[in-house]
Amino acid sequence: MLYYKNMETLKGKAASGGIAVAPLWHIGNDITVVASNDTPEGLKKQYFSLKSRVRAEFRRLSSLSDKEDSSMTGLFESYSIIMDDPVFEEAVLNRINRGYSIHQAILESGTELSRIFEKLSDEYMQARAADLLSVAEELLRELSGRGKIDKPDGEKGPDDDGFIIVAANLSPARLMRIDKKLIKGIVLSGGTVNDHTSILAGNMGIPCVVAAGDRIFDQKEGRIIIDGNEGEVYLEPDEETIGKFIEKKLRIEKLRSDARQRIKQDQIKSEKSPIAVMGNISDPGDTDSVLLNEADGIGLFRTEFIYLKGDDYPTEDEQFDNYSKVLKMMGDKKVIIRTCDIGYDKAARYMNLPFEQNPGMGIRGIRISLEHPEMFLTQLRALYRASVYGNLMIMFPMISSLWEIKEAKKYCEKARKSLENEGISCKKVPLGIMIETPSAAILSGEFAKECDFFSIGSNDLTQYTTGADRINEDIEKYYDPVHPAVLELIKITAENAHKNNIPVGICGELAADTSLSEFFIKAGIDELSVAPGKIIPVRLSLIS
Ligand code: PEP
Ligand code: MG
């Protein structure tokens, strides 16, 4: 970390990589309270009309994001669902009945319910707290007549060269309304790396630091620096530091564009890296960045996020739309779609899964599908229907016994046959498994005979090998992804895969650890699948 006189360096969390040097733009919530002395009945009518205006705005933003960033389309649809949620609606209407103003009723209901979400241990649900606040904010902005302001307009409004947004929090809806070309960076005093603002910033390629604390408001105007890779913010930077960061930014940009060029050329000359580099996605909207980063394919599509978006099981048609969209976009490149891995840290309320003392060891991975055959068959039918649009491979998560593979394959056959009987065509799809349990790694020789490919889920393989819960921050030091036992299990798996002539990949976070490139090459790993932003660094570490 650099220290200079007068300059303040703040540490937050790195939410989206890259460096930005630009004038700051403070965004407050600029919501004014509009008093009304109508009766509760009158206020309720006003509230319903307010909702329909906001719903129309969500629709507008949804179609806007359809054109510019399809990953956010579902978000604004989900905002409408949250706004109509009976629990939220009842909370607002009850308060109005008790004599609150519309403003107070929305504000208190949004805050109260989001606090409940924030306390849940599930990170996904925690991020929904931010969504609820965003919905409340949208209602309040519309109420105060400022719903559609989308340009910096204050007297300190930064110039046309762009700015770094500084705010306590920033809803994705608000971010969507600001001219993207002008946003050089975002720094928030609050927020989490998993909320949708961070995801949106990442998809838009905007450097972003969250949870940087209230001191970000110390500087009122002028240039600041943010380093989205390190999660650092530099207030009142001197000219020398500004110069250094501009230089660093240009260097990184040049390296990236050279790398992209080189990767393209190498691919043309067929001098590919010794290991294929693929991208991980959780939404069809992420496919653009996988392609932009010259990936060899998609090594992991975490389909459970489709199940987590809505209030009910996704239909076969909805799933078919999602899968076929990705397959079409990827052309003849491999697309490995993993069947639903809900459970443990990813819960869908509508499934009404029973309480478990130890959910990490419970109904998740392939178990959820085998315990819910209807759900499994619906997903498999959608996948087989989509298979004709590209190069699909289906993968089953968290396998620990041979019978599970055999059983899962029977369901595939059943789904395929049912389509055939209906005259719907589908392709022969390679079927593979994730190696995420020590039992699967140890028995990989036997399992390989039933599979067309393996992909090592190092995140879970680490937790089940070390016996350390991957989401418990207090035992982080026991959760060691490069534990010798984990590396040994990777070697065993690769050896057994090759003995049986099937490819083996890694799609957990370990795949992006460039210090292990040599180990991966020596172990004979065929594919590494990583977050889209990490594809180029991983590729470079393999070919240089
Ligand atoms: C893994 O466990 O490494 C993996 C890729 O699956 P997930 O992180 O979705 O559990
Ligand atoms: Mg896993």
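Described below are features of the structure shown in this document. (Residues numbered from 1 in each chain as written. Chains lettered and ligands numbered in written order. Predicted model: local features only at pLDDT ≥ 70, side-chain atom pairs only at ≥ 80, totals over all residues. Heavy atoms only, no water.)

**Regarding the side chain of Ser400**
The residue Ser400 is located in the loop between strand E12 (391-396) and helix H14 (402-421) in this model. Among the residues examined, Ser400 registers a relative accessible area of 17% and is labelled buried. What Ser400 contacts, discounting residues up to four positions off in sequence, is Arg367, Thr437, Ser439 and Phe447. (Helix = DSSP H or I, 4+ residues; strand = E, 2+ residues; numbered from the N terminus. Buried < 20%, exposed > 50% of the residue type's maximum accessible area, 1.4 Å probe, protein only. Contact = heavy atoms within 4.5 Å.)

**A closer look at helix H17 (residues 458-466)**
Counting buried residues along H17, seven of its nine residues qualify, which places the element largely inside the surrounding structure. Turning to H17, its buried residues number three or more, namely Ser458, Asn459, Asp460, Leu461, Thr462, Gln463 and Tyr464. Those residues of H17 that are buried lie in contact with strand E10 (297-302), strand E13 (431-435), helix H15 (438-442), strand E14 (453-456), helix H18 (484-499) and strand E15 (504-506). Just past H17, the residue Gly467 takes up positive phi, approximately 70°.

**Regarding the nonpolar core**
Grouped together as the largest cluster of nonpolar side chains are 76 residues, with contacts concentrated most on Phe396, Phe454, Ile490 and Ile525. When residues in this core are grouped by element, the largest group, eight residues, is from helix H13 (residues 373-386). Filtering out sequence-adjacent residues up to four positions away, Phe454 remains in contact with Ile433, Ile435, Ser444, Phe447, Ala448, Thr493, Ala497, Ile502, Pro503, Val504 and Gly505. Judged by nonpolar contacts, the second largest core, of 46 residues, contains Phe76, Ala105, Leu132 and Met204. (Core = buried A, V, L, I, M, F, W, Y, C linked by side-chain atoms within 4.5 Å.)

**Topic: the environment of Ala56**
Mapping Ala56 onto the fold places it in helix H1 (residues 40-68). Distance from Ala56 to Ser80, taken between C-alpha atoms, is 9.3 Å for residues 24 residues apart in sequence.

**Quick notes on a negative patch on the surface**
Taken together, Asp311, Asp312, Glu318 and Asp321 make up a surface patch of like negative charges. Within the secondary structure, Asp312 sits in the loop between helix H10 (304-309) and helix H11 (316-330). (Patch = residues over 30% accessible without salt bridge, like charges linked within 9 Å, V, L, I, M, F, W, Y side chains within 5 Å. Areas by Shrake-Rupley, 256 points an atom, 1.4 Å probe, with all protein chains shown as cover. Salt bridge = Lys/Arg side-chain N within 4 Å of Asp/Glu carboxyl O. Lys, Arg positive; Asp, Glu negative; His and termini not counted. Charge placed at Lys NZ, Arg CZ, Asp CG, Glu CD.)

**Points about the sheet that holds strand E7 (residues 223-227)**
Each strand in a sheet pairs with another by means of backbone hydrogen bonds, the pair being arranged parallel or else antiparallel. Spatially, the eight strands line up as an open sheet ordered E1-E8-E7-E3-E4-E5-E6-E2, and their pairing is mixed. The open sheet has two free edges, formed respectively by strand E1 (8-11) and strand E2 (13-16), since each of these has just one partner strand. Averaged over neighbouring strand pairs, the angle between their axes works out to 30° when direction is ignored. Of the pairings in the sheet, the one linking strand E4 (residues 163-167) to strand E5 (residues 183-188) comprises five bridges and is parallel in character. The partner of Ile165 across the bridge, within E5, is Ile186. (Pairing = 2+ DSSP bridges. Axes fitted to C-alpha atoms, helices over the stretch in contact; angles between N-to-C directions.)

**Some details on the sheet that holds E13**
Overall, parallel pairing links the eight strands, which are arranged E9-E10-E11-E12-E13-E14-E15-E16 in a closed barrel. Neighbouring strand axes in the sheet, compared pairwise and without regard to direction, differ in orientation by 30° on average. Examined bridge by bridge, E15 and strand E16 (residues 527-530) share two bridges and lie parallel to one another. Looking at the pairing, Ile506 lines up with Leu528 of E16. Sheet strands in contact with H18 are E13, E14 and E15, and its direction is about 150° off that of E15.

**A few points about the pattern of salt bridges**
Side chains that differ in sign of charge can pair as their charged atoms come close. Tallying each qualifying case throughout the model produces 34 salt bridges. Across the pair Glu89 and Lys51 runs a salt bridge whose closest N-O atoms are separated by 2.3 Å. Taken together, the residues span a long stretch of sequence, with Glu89 in helix H3 (residues 86-97) and Lys51 in helix H1 at a distance of 38 residues. This pair shows no difference in class: Glu89 is buried, exactly as Lys51 is. Salt-bridge contacts for Glu488 lead to Lys491; the nearest nitrogen and oxygen are separated by 3.8 Å. With Glu488 and Lys491 both in helix H18, this residue pair falls three residues apart, about one helical turn. Given a relative accessible area of 40%, Glu488 falls into the partly exposed group. Take Lys491: its relative accessible area is 38%, and that puts it in the partly exposed class. What you see here is one network of salt bridges that share partners, running through Glu304, Arg338, Asp341, Arg364, Asp460 and Arg470.

**Some remarks on the packing of H13 against H14**
As a packed pair, H13 and H14 sit with axes 9 Å apart at the nearest point and diverge in direction by 60°. If you check the angle between H13 and H14, you find them oblique. For the element pair H13 and H14, the recorded crossing hand is right-handed. From H13, Pro373, Phe376, Leu377, Leu380, Arg381, Tyr384 and Arg385 reach across to H14, where they touch Ala408, Tyr411, Cys412, Lys414, Ala415, Arg416, Ser418 and Leu419. For the contact of H13 with H14, the per-class residue count stands at ten nonpolar, one polar and four charged. (Parallel < 35°, antiparallel > 145°, perpendicular 65-115°, else oblique. Left-handed = near helix turned anticlockwise from the far one by under 90°. Nonpolar A, V, L, I, M, F, W, Y, C, P; charged D, E, K, R; others polar.)

**A look at unusual backbone geometry**
Even without a glycine there, the phi angle at Ala211 is positive, about 55°. Within the element layout of this structure, Ala211 appears in the loop between strand E6 (208-210) and E7. Positive phi is not limited to glycine here, since Glu294 has a value of about 55°. Take Glu294: it is sitting in the loop between helix H9 (287-292) and E10.

**A few points about the packing of aromatic side chains**
Counting across every chain of the model gives eleven aromatic pairs. Judged by centre distance (4.9 Å) and plane angle (50°), the ring pair of Tyr234 and Phe245 falls under tilted. Of the two residues, Tyr234 sits in strand E8 (residues 232-235) while Phe245 sits in helix H8 (residues 239-268), which places them eleven residues apart along the sequence. In this pair, the class of Tyr234 matches that of Phe245, namely buried. On the numbers, 4.8 Å between centres and 75° between planes, the contact of Tyr313 with Tyr350 is edge-to-face. You can see Tyr313 sitting in the loop between H10 and H11 and its partner Tyr350 sitting in the loop between strand E11 (334-338) and helix H12 (366-371), a full 37 residues away along the chain. Here a set of aromatic residues connected by ring pairs shows up, and it is made of Phe58, Phe76 and Tyr79. A cation over a ring is seen here: Lys328 above Tyr389, with NZ or CZ 4.7 Å from the ring centre. Between the NZ or CZ atom of Arg385 and the centre of the ring of Phe320, over which it lies, the distance is 4.3 Å. (Phe/Tyr/Trp six-rings, centres within 6.5 Å; stacked < 30°, edge-to-face > 60°. Lys NZ or Arg CZ within 6 Å of the ring centre and 35° of its normal.)

By themselves these figures say nothing about function.
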